[in-house]
Amino acid sequence: MGGVAAGTKWIHHVRRLSAAKVSADALERGQSRVIDASLTLIRERAKLKAELLRALGGVKASACLLGVPLGHNSSFLQGPAFAPPRIREAIWCGSTNSSTEEGKELNDPRVLTDVGDVPIQEIRDCGVEDERLMNVVSESVKTVMEEDPLRPLVLGGDHSISYPVVRAVSEKLGGPVDILHLDAHPDIYDAFEGNTYSHASSFARIMEGGYARRLLQVGIRSITKEGREQGKRFGVEQYEMRTFSKDREKLESLKLGEGVKGVYISVDVDCLDPAFAPGVSHIEPGGLSFRDVLNILHNLQGNVVAGDVVEFNPQRDTVDGMTAMVAAKLVRELTAKISK
């Protein structure tokens, strides 16, 4: 798989640097230059887009796409690293119009802008390890948020990216948010397979950090004893698919965000039944229908300040790119919730 090859390339590159006896200071300087250049590019793009929106006027919040093509924290396949460009291609492919279901026009920059991708692989090629890499993701998100009226809508990548993104949103806003998390899995292991940054541990890090007041997990149908225990430990509201018919009315009339800094929505594409979205790493039957998801999102009451769409794996998609279109529509409808 391409992601595995990229990860192996990075490991070999770091070993070659060590074998060549590159000094720690020289390595640090090189890493810092690459990181600074990466953040500068995102910062300048965000400034340019925000200046245009302020000049146009009449906008309080514009959803801003930021790609985080990270796949190496996946416990199974690393294909989600290739998702951001495929999602963008599907958004603008022309097979459908540019309107959201609620009537917002995506080709209006006051509704949707884009600052490109964090160059994850290029940064890893310099030997940057995960703790620092997560800080780069957080700083990238904060860079977007510094330019009013931009609001980050992040394209993953595996679900490990939600931790640095939510952390950045909470720190930038100055307090916790309420999180609506749509997923087949709770992703709340303490350290899955020993990896504290695993995509299966992202919400443990979020809750430990105090970045969320409420965490609602919807669509769950693959959960272990540890997942339930961790949910109880952190006070998570877990809604499993086995009781969805009973919970439907409540979930389709959610009111979140009162008394905190806003609402964050994280959508793992595998929350959907694989009949609707086969292009995911972890295929788990018995999930939500696409209309179930839209009903939850459309009816949600609250100030949505940021979000992400993660775990689309183009390497497992159908030939005609069905899951890419599904991910793109999720992005479209989240854009409508964020933009004001």
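Residues numbered from 1 in each chain as written. Predicted model: local features only at pLDDT ≥ 70, side-chain atom pairs only at ≥ 80, totals over all residues. Heavy atoms only, no water.

Looking at an unreviewed UniProt entry, one finds the protein chain named Arginase 1, mitochondrial and attributed to Leersia perrieri. Among the UniProt annotations of the protein chain, the heading Function (unreviewed entry) holds the following wording: "Catalyzes the hydrolysis of L-arginine to urea and L-ornithine. The latter can be utilized in the urea cycle or as a precursor for the synthesis of both polyamines and proline." (UniProt positions renumbered as here; feature names shortened; annotations may be inferred.)

Participant: I tried to follow the nonpolar core on my own but got confused; where do I start?
Facilitator: Among the nonpolar cores identified, the biggest contains 48 residues, and Val 68, Val 118, Val 169, Ile 179, Ile 206 and Tyr 264 are the most heavily contacted of them. Looking at this core, the element that brings in the most residues is helix H5 (residues 130–145), giving seven residues. Here Val 68 is in contact with Pro 84, Val 118, Ile 120, Val 137, Val 154, Leu 155, Gly 156, Gly 157 and Ile 161, once residues within four sequence places are set aside. Grouped together as the second largest cluster of nonpolar side chains are 47 residues, Leu 65, Cys 271, Ala 324 and Leu 330 included. (Core = buried A, V, L, I, M, F, W, Y, C linked by side-chain atoms within 4.5 Å. Buried < 20%, exposed > 50% of the residue type's maximum accessible area, 1.4 Å probe, protein only. Helix = DSSP H or I, 4+ residues; strand = E, 2+ residues; numbered from the N terminus. Contact = heavy atoms within 4.5 Å.)

Participant: How should I be thinking about the sheet that holds strand S5 (residues 212–220) in this particular structure?
Facilitator: Neighbouring strands of a sheet are bound in pairs by backbone hydrogen bonds; such pairs are parallel or else antiparallel. The strand order across the open sheet formed by eight strands is S2-S1-S3-S8-S7-S4-S5-S6, and the pairing between neighbours is parallel. Strand pairing shows two members of the sheet lacking a second neighbour, strand S2 (112–117) and strand S6 (237–240), which therefore form its edges. The sheet shows a mean angle of 15° between the axes of neighbouring strands, taken without regard to direction. For strand S1 (residues 62–68) and S2, the ladder comprises four bridges, and the chain directions are parallel. Across the sheet, Cys 64 pairs through a bridge with Thr 113, a residue of S2. Across the sheet, H5 touches S1, S2 and strand S3 (150–156), and the angle it forms with S3 is around 145°. (Pairing = 2+ DSSP bridges. Axes fitted to C-alpha atoms, helices over the stretch in contact; angles between N-to-C directions.)

Participant: Just checking my understanding: could you explain the environment of Arg 54 for this structure?
Facilitator: Here Arg 54 is to be found in helix H2 (residues 24–56). The sequence separation of Arg 54 and Ala 81 amounts to 27 residues, and the corresponding C-alpha distance is 33 Å. With near-sequence residues (within four places) excluded, Arg 54 lies in contact with Glu 147, Asp 148 and Pro 149.

Participant: Which parts of the structure should I look at to understand the pairing of S5?
Facilitator: Remark: a regular strand shows side chains that alternate across the two faces of the sheet. The element S5 is extensively covered by neighbouring structure, given that seven of its nine residues are classed as buried. Of the crossover connections in this fold, the one passing from strand S4 (residues 177–182) over helix H7 (residues 202–208) to the parallel S5 is right-handed. In terms of strand pairing, S5 meets S6 through four bridges, oriented parallel. For Ile 220, the partnering residue across the bridge sits in S6 and is Glu 240. After leaving S5, the chain enters helix H8 (residues 225–234) and then returns to the sheet as S6, a path that is right-handed. (Right-handed = clockwise from strand over helix to strand, strands pointing away.)

Participant: Would you take a moment to explain the packing of H2 against H5 for this structure?
Facilitator: Packing of H2 against H5 leaves a shortest axis separation of 9 Å and a crossing angle of 25°. By the angle between their directions, the pair H2 and H5 is classed as roughly parallel. In the packing of H2 onto H5, the handedness of the crossing is right-handed. Judged by residue contacts, Glu 28, Gln 31, Ser 32, Ile 35, Leu 39, Ile 42, Arg 43 and Ala 46 of H2 engage Arg 132, Val 136, Glu 139, Ser 140, Thr 143 and Val 144 from H5. Across the contact of H2 with H5, the residue classes tally to six nonpolar, four polar and four charged. (Parallel < 35°, antiparallel > 145°, perpendicular 65-115°, else oblique. Left-handed = near helix turned anticlockwise from the far one by under 90°. Nonpolar A, V, L, I, M, F, W, Y, C, P; charged D, E, K, R; others polar.)

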